[in-house]
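Topology and contacts: notes
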Amino acid sequence: MEKIVITGGEPLSGNITIGGSKNAVLPIMAACILTDEAVHLTNVPNLQDIQTMIKVLESLGVKADISNLSQNKLTVCYEDINKNIAEYDLVRKMRASVLILGPLLARKKEASVSLPGGCAIGARPIDMHIDALKKLGAEFVLDSGYVNCKAPKGLKGNKIDLKKISVGASENIIMAASLASGESEINNIAIEPEVIDLIKCLKSMGSEIDFIGDRKILIQGKENLRGTTHEVIPDRIEAGTYMIAGALIGNNLKIQNIEPDHMQNILNVFEELKIDFKLNKDSISISKSDIEVGVNLQTEEYPGFPTDLQAQIMVLLSKSKKNSSIIENIFENRFMHVPELNRMGTQISIEGNKSIISPSSELIGAPVMATDLRASVSLVLAGLISKGETIINRIYHIDRGYEEIEKKISQCGGNIKRIK
Ligand code: UD1
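Cut-offs used in this document
Residues numbered from 1 in each chain as written. Predicted model: local features only at pLDDT ≥ 70, side-chain atom pairs only at ≥ 80, totals over all residues. Heavy atoms only, no water. Helix = DSSP H or I, 4+ residues; strand = E, 2+ residues; numbered from the N terminus. Rg over C-alpha atoms; globule rule 2.2 N^0.38 Å. Buried < 20%, exposed > 50% of the residue type's maximum accessible area, 1.4 Å probe, protein only. Contact = heavy atoms within 4.5 Å. Pairing = 2+ DSSP bridges. Axes fitted to C-alpha atoms, helices over the stretch in contact; angles between N-to-C directions. Core = buried A, V, L, I, M, F, W, Y, C linked by side-chain atoms within 4.5 Å. Phe/Tyr/Trp six-rings, centres within 6.5 Å; stacked < 30°, edge-to-face > 60°. Near = heavy atom within 4 Å. Polar contact = N/O pair within 3.5 Å; in protein donor to acceptor, adjacent residues only side chain to side chain. Areas by Shrake-Rupley, 256 points an atom, 1.4 Å probe, with all protein chains shown as cover. Nonpolar A, V, L, I, M, F, W, Y, C, P; charged D, E, K, R; others polar.

1. Remarks on the overall build of the protein chain
When its secondary structure is counted, the protein chain shows 14 helices and 24 strands. Its C-alpha atoms give the protein chain a radius of gyration of 21 Å, within 12% of the compact-globule value 22 Å for 420 residues. Each of the 420 residues in the protein chain was classed as buried or not, and the buried ones make up 57%. Considering only contacts in the protein chain between residues 6 or more positions apart, those separated by 24 or more positions represent 73%.

Here's what the structure looks like:
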């Protein structure tokens with residue numbers, strides 16, 4: 001099994017270019033089921049999760065042109081082959097496969113999806129996806145690990161109040177309501193930039209979606225949508241991860257192709273920590289900074305601090321001379337990186353959903369185990385600032401979300417390689 005080996009202590013300087021957002025492109029790919037015409041996407045990251053979504057879609061009849069994926073272009077076109085099942089073998093690899101449920105149900109009046117797997121960060125139910133689709137007239141049966149749903153008379157627009165904010169449930173219901181008959185009013189939707197990018201793409205496909213409140217939208221359902229060309233937004237989580245690398249060990253490290261508006265939550269923390277950075281129109285330059293203060297953070301829905309950067313910021317906070325704390329509000333089992341980081345010398349304790357990060361002396365490299373996508377990359381960050389060698393096992397998690405991570409870091413002077 002492949003491993004990543006890092007010898008820490010080398011400063012990072014030069015440029016790192018951020019790819020397209022994984023979490024934006026996955027629902028947008030699923031949205032291609034809503035039309036017979038081709039959807040052309042640019043700024044698509046070449047990642048394992050994208051390959052998995054291509055396989056899920058291909059199993060439903062989608063033709064995917066991946067010949068230019070190395071140039072970050074992808075074309076997907078749905079061809080109805082009367083297959084409405086997303087199988088366990090694919091869905092277990094990536095929870096986001098559940099995003100085909102809404103569009104397939106809207107298009108085919110019938111869909112079956114295996115209950116999802118994906119990152120081991122808690123229970124992660126899909127009850128809200130199901131409840132919202134029920135409001136549009138769908139009927140659900142759970143059978144042998146599959147969620148089978150039907151809407152024999154087609155989906156019908158309705159008023160839907162999402163009981164809490166969910167990115168995936170918002171995306172599924174927005175896609176389904178786009179082809180439902182009549183109007184839908186959806187309340188309490190997620191406004192993560194990835195959801196907004198999906199809405200932008202759907203609108204360019206002919207969907208009529210309007211915000212009538214901060215988290216409230218109206219959708220006028222259409223009979224058909226058309227194909228489109230769409231440029232995916234930059235990945236704010238990849239950007240935030242490398243920004244943290246810059247704050248840890250950068251020497252004027254420039255992170256380019258970012259959308260500064262999407263980075264405000266982490267920039268606020270950098271300001272509190274007095275990190276040395278310079279923000280430009282679509283890039284940011286960051287240098288290693290001594291941190292004299294601690295912060296008390298909580299993960300929240302956008303525009304709050306993202307759970308997907310919690311593990312990474314923890315490494316930065318461990319370099320502060322004062323205590324910090326992080327409350328994880330989104331996923332209940334998302335501190336699995338803590339024991340691994342502590343084996344490298346961090347001083348982090350956990351009480352329920354709160355972690356206390358105390359100052360640590362120099363970290364020492366160690367063999368460590370990646371547990372989920374973002375946890376894995378926090379180990380890379382820790383490895384970059386540790387004395388000696390860090391060997392990260394189970395790196396397939398990293399490949400799900402970080403394109404060419406060794407190349408991007410080694411080009412900037414980091415001593416990182418992948419071994420078999
Ligand atoms: C998406 C992101 C993931 C990110 C998360 C939160 C993708 C592919 N993944 O995941 O990287 O960490 O948003 O920003 O975009 N919940 C329910 N019932 C449901 C659905 C969700 O209780 O039916 C709960 C979840 O367990 C969690 C919370 O709602 O506690 C938020 O989850 P959600 O926003 O749905 O996350 P995902 O869409 O799975």
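2. Regarding the sheet that holds strand β4 (residues 62-65)
Remark on secondary structure: sheet strands pair via backbone hydrogen bonds, oriented parallel or antiparallel. The strand order across the open sheet formed by four strands is β4-β5-β3-β14, and the pairing between neighbours is mixed. Whereas interior strands pair on both sides, the edge strands pair on one side only; in this sheet they are β4 and β14 (228-231). Along the sheet, successive strands turn relative to each other by an average axial angle of 20°, direction set aside.

3. Comments concerning the nonpolar core
Grouped together as the largest cluster of nonpolar side chains are 76 residues, with contacts concentrated most on M53, I100, I174, I186 and L202. Those residues within four positions of I186 in sequence are excluded, and the remaining contacts are I160, L162, I173, I174, A177, R215, K216, I217 and I219. Within the second largest apolar cluster, 63 residues are counted, among which are I258, I284, V338 and I398.

4. Details of the sheet that holds strand β6 (residues 85-86)
Here we have four strands laid out as an open sheet, ordered β6-β7-β9-β8, and mixed in their pairing. Pairing within the sheet leaves two strands with one partner each, and these edge strands are β6 and β8 (139-143). In terms of strand pairing, β6 meets strand β7 (residues 110-114) through two bridges, oriented parallel. Bridge pairing in β7 links A86 to V113.

5. A word on the packing of aromatic side chains
This structure, assessed with the given rule, holds one aromatic pair. Arranged with centres 6.3 Å apart and planes meeting at 55°, the rings of F270 and F277 form a pair that is tilted. You can call F270 buried: its relative accessible area is 0%. Residue class for F277 comes out partly exposed when judged on its relative accessible area of 22%.

6. Looking at the site of the ligand
Around the ligand sit 19 residues in total, of which D127, S166, V167, D308 and I330 are the nearest. A distance of 2.7 Å is found between an oxygen atom of the ligand and a backbone nitrogen or oxygen belonging to V167. Protein contacts shield 87% of the accessible area of the ligand, which totals 740 Å² for the unbound molecule. Sorting the residues of the shell around the ligand by element identifies α5 (127-135) and α6 (167-178) as the ones contributing at least two each. Grouping the constituent residues of the shell around the ligand by class yields eight nonpolar, five polar and six charged.

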